[in-house]
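Chain by chain, the residues run as shown.
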Amino acid sequence: MPDTTAIYLDYNATTPVDPVVLQAMLPYFSDLFANASSRSHVMGRTIGEKIEASRRTVADFLGCETSEIVFTGGSTESINTAIKGVAAAYKSRGQHLITWDTEHKAVLDVCEKLAEAGFEITQLPVDREGLPDPVLYRNSLRKDTILTIMMLANNETGVINPVREISEICHEHNSLIFCDATQGPGKMQVNVNDLGVDLLCISAHKMYGPKGTGALFIRRKNPRVTLIPIIDGGGHENGLRSGTLNVPGIIGLAKACEIAASGYWENTSGISALRTLLEQQLTTNGIGYVNGSIKNRLPNTSNILFPGIKADQLLIKLPGLAVSTGSACSSALPEPSHVLKAMGRNNEEAFASVRFSLGKETTREQIAAAADMILQQLK
Ligand SMILES: *Cc1c(COP(=O)(O)O)cnc(C)c1O
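None of these values were measured; they are calculated from a predicted model.

About the thresholds
- Residues numbered from 1 in each chain as written.
- Predicted model: local features only at pLDDT ≥ 70, side-chain atom pairs only at ≥ 80, totals over all residues.
- Heavy atoms only, no water.
- Helix = DSSP H or I, 4+ residues; strand = E, 2+ residues; numbered from the N terminus.
- Rg over C-alpha atoms; globule rule 2.2 N^0.38 Å.
- Buried < 20%, exposed > 50% of the residue type's maximum accessible area, 1.4 Å probe, protein only.
- Contact = heavy atoms within 4.5 Å.
- Areas by Shrake-Rupley, 256 points an atom, 1.4 Å probe, with all protein chains shown as cover.
- Expected span 1.5 Å × (residues − 1).
- Arc of directions from axis to C-beta.
- Axes fitted to C-alpha atoms, helices over the stretch in contact; angles between N-to-C directions.
- Parallel < 35°, antiparallel > 145°, perpendicular 65-115°, else oblique.
- Left-handed = near helix turned anticlockwise from the far one by under 90°.
- Nonpolar A, V, L, I, M, F, W, Y, C, P; charged D, E, K, R; others polar.
- Near = heavy atom within 4 Å.
- Polar contact = N/O pair within 3.5 Å; in protein donor to acceptor, adjacent residues only side chain to side chain.
- Pairing = 2+ DSSP bridges.
- Disulfide = S-S within 2.5 Å.
- Patch = residues over 30% accessible without salt bridge, like charges linked within 9 Å, V, L, I, M, F, W, Y side chains within 5 Å.
- Salt bridge = Lys/Arg side-chain N within 4 Å of Asp/Glu carboxyl O.

Below, the discussion takes up the overall build of the chain. For the chain, the helix and strand inventory stands at 13 helices and 15 strands. Against the 2.2 N^0.38 benchmark of 21 Å for 379 residues, the chain shows a C-alpha radius of gyration of 21 Å, consistent with a compact globule. Over its C-alpha atoms, taken along the principal directions, the chain stretches across nearly 65 × 55 × 40 Å. For the chain, the proportion of its 379 residues judged to be buried stands at 53%. Within the chain, contacts between residues at least 6 apart in sequence are counted, and of these 72% link residues at least 24 apart. Total accessible area on the chain is roughly 16800 Å²; 52% of this is exposed by carbon and sulfur atoms.

Listed below in structure tokens is the structure:
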């Protein structure tokens, strides 16, 4: 039996589907089931129109044109499409890409694949706060640099990158920049022109939408970005992502964008007040220390190092608390977080760190109870 009474503070891993989003999606599993590409009948054309309306909503949310949005199966797929697609399309111009040590594994793994295929990857360090050095970046740009990859906000620490500053330097060198903005929506503004990026991705399940749906922005003017698709087939999505459209997912993503735009200030201010409460409890008297920049941080995320503890063992004793540790256990042996390591933490410190990520449903009572549980164990 799943423990449904657990206090869930792992919203950066995934979010529940907002009830309003779910209601919007439901008809598209049953009555409105037709294929969005079926142009020969009204049922299909109706769905096609709903998809285009959703594309308008997502484009408005990101501040771009509808022709610049491609629906995908989430951010991992968008990241593969963007990076591999640009690499293949621009390889005659250059084969150098730049990214940072704290990027999501999806980005770092794709870059590793490209390196095996003969591309050259510069992976830049960050400082102890998790922030990049723009001067180091400027000095790393070359004539053959075709793409820079920088996340908007880090999923483990919540640290917000200076994407605007980096994109300006990138464009002085006539190069392209892709931004993994998966952690942004609902927690900070995400506007492709304010950020000055050429490609950008978001994922529905990180913003109270369904899993397995996302959007990739690809700039069509100044500059016009071209991609070689990685998924071939029926030519859906302008030939950039073949495959029958995930209609309920796309409807859900659009509704999630609408909600993120309208409830933004209310939610973020409330959540950041709760985070302050949590940190007051857990970081006084040297109990714990916040990992990463305090100033440039998402309002919902708190990554705390509790010196001398083992986070995974702490959490075994707290089955009623759903948070995440500073380790990635994608393999049998847990590995220390590459993000915390990049910020100068040693293995022991990385394994002693816990990520709390708050969401819309988080209450003051839950925060108080979570802090109590942890303080009890640390005694
Ligand atoms: C969750 C996440 C991803 C992966 O997104 P999926 O839609 O789950 O594939 C990529 N980057 C960041 C920053 C994330 O938080």
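Resuming the write-up.
With that out of the way, let us pick up helix H2 (residues 42–62). When the terminal C-alpha atoms of H2 are compared, their 30 Å separation across 21 residues agrees well with the 30 Å that a helix rising 1.5 Å per residue should span. Among the residues of H2, Gly-44, Ile-47, Gly-48, Ile-51, Ser-54, Arg-55, Val-58, Ala-59, Phe-61 and Leu-62 are the ones counted as buried. For H2, the buried positions fall inside an angular range of 150° around the axis, keeping them on one side. Every exposed residue of H2 that faces more than 90 degrees away from the buried side is listed here: Val-42 and Glu-49.

Turning our eyes to something else, we now look at the environment of Ala-368. Secondary-structure assignment places Ala-368 in helix H13 (residues 364–378). Expressed as a C-alpha distance, the spacing of Ala-368 and Thr-81, which sit 287 residues apart in the sequence, is 42 Å.

Contact pair helix H9 (residues 264–282) / H13: the axes reach a minimum separation of 10 Å and the direction vectors enclose 20°. Considering their axes alone, H9 and H13 lie roughly parallel with respect to each other. Crossing of H9 over H13 shows right-handed handedness. Within the contact between the two elements, H9 uses Leu-274, Leu-277, Leu-278, Gln-281 and Leu-282 and H13 uses Arg-364, Ile-367, Ala-371, Ile-374 and Leu-375. Of the residues that constitute the contact of H9 with H13, the class distribution is eight nonpolar, one polar and one charged.

Lining the immediate environment of the ligand, one finds 13 residues, of which Thr-76, Asp-180, Gln-183, Ser-203 and Lys-206 sit closest. Gln-183 has a polar side-chain atom sitting 2.8 Å from an oxygen atom of the ligand. Take Ser-203: an N or O atom from its side chain is 2.6 Å from an oxygen atom of the ligand. Take the shell around the ligand: its biggest share by element is three residues, from helix H3 (residues 75–90).

Backbone hydrogen bonds hold the strands of a sheet together, and the pairing may be parallel or antiparallel. Pairing is antiparallel in the open sheet, where four strands are placed in the order S9-S10-S15-S12. Two strands in the sheet have a free side with no partner beyond their single neighbour: strand S9 (289–290) and strand S12 (324–325). Here S12 runs beside strand S15 (residues 353–357); their pairing, made up of two bridges, is antiparallel. Residue pairing across strands places Ser-324 opposite Arg-355, the latter belonging to S15. Taken strand by strand, H9 contacts S9, strand S10 (301–305) and S15, and its axis lies near 10° from that of S10.

Moving on, we come to the state of the cysteines. Inspection of every chain in the model, using the stated rule, returns zero disulfides. Looking at Cys-170, it has no disulfide partner, and the nearest cysteine sulfur is the one in Cys-179, 12 Å off. Residue Cys-170 is classed as buried on the basis of its relative accessible area, which comes to 0%. There is no disulfide at Cys-257, and the cysteine sulfur nearest it, in Cys-64, is 10 Å away. By relative accessible area, which is 1% here, Cys-257 ends up buried.

On to unusual backbone geometry. Residue Pro-223 is bonded to the preceding Asn-222 through a cis peptide linkage, with omega at -5°. For Glu-237, which is not glycine, the phi torsion reads 50° and is therefore positive. Along the chain, Glu-237 turns up in the loop between strand S8 (214–218) and helix H8 (247–262). Relative accessible area serves as the criterion here: at 11%, Glu-237 is assigned to the buried category.

Below, the discussion takes up the environment of Ser-262. Within the secondary structure, Ser-262 sits in helix H8. Residues Ser-262 and Glu-348, spaced 86 residues apart in sequence, show a C-alpha to C-alpha distance of 42 Å.

Once that is clear, we can look at a nonpolar patch on the surface. Side chains of Val-17, Leu-22, Leu-26 and Phe-29 sit close together on the surface and give an oily, nonpolar patch of about 340 Å² of accessible area. With respect to the secondary-structure elements, Phe-29 resides in the loop between helix H1 (19–25) and H2.

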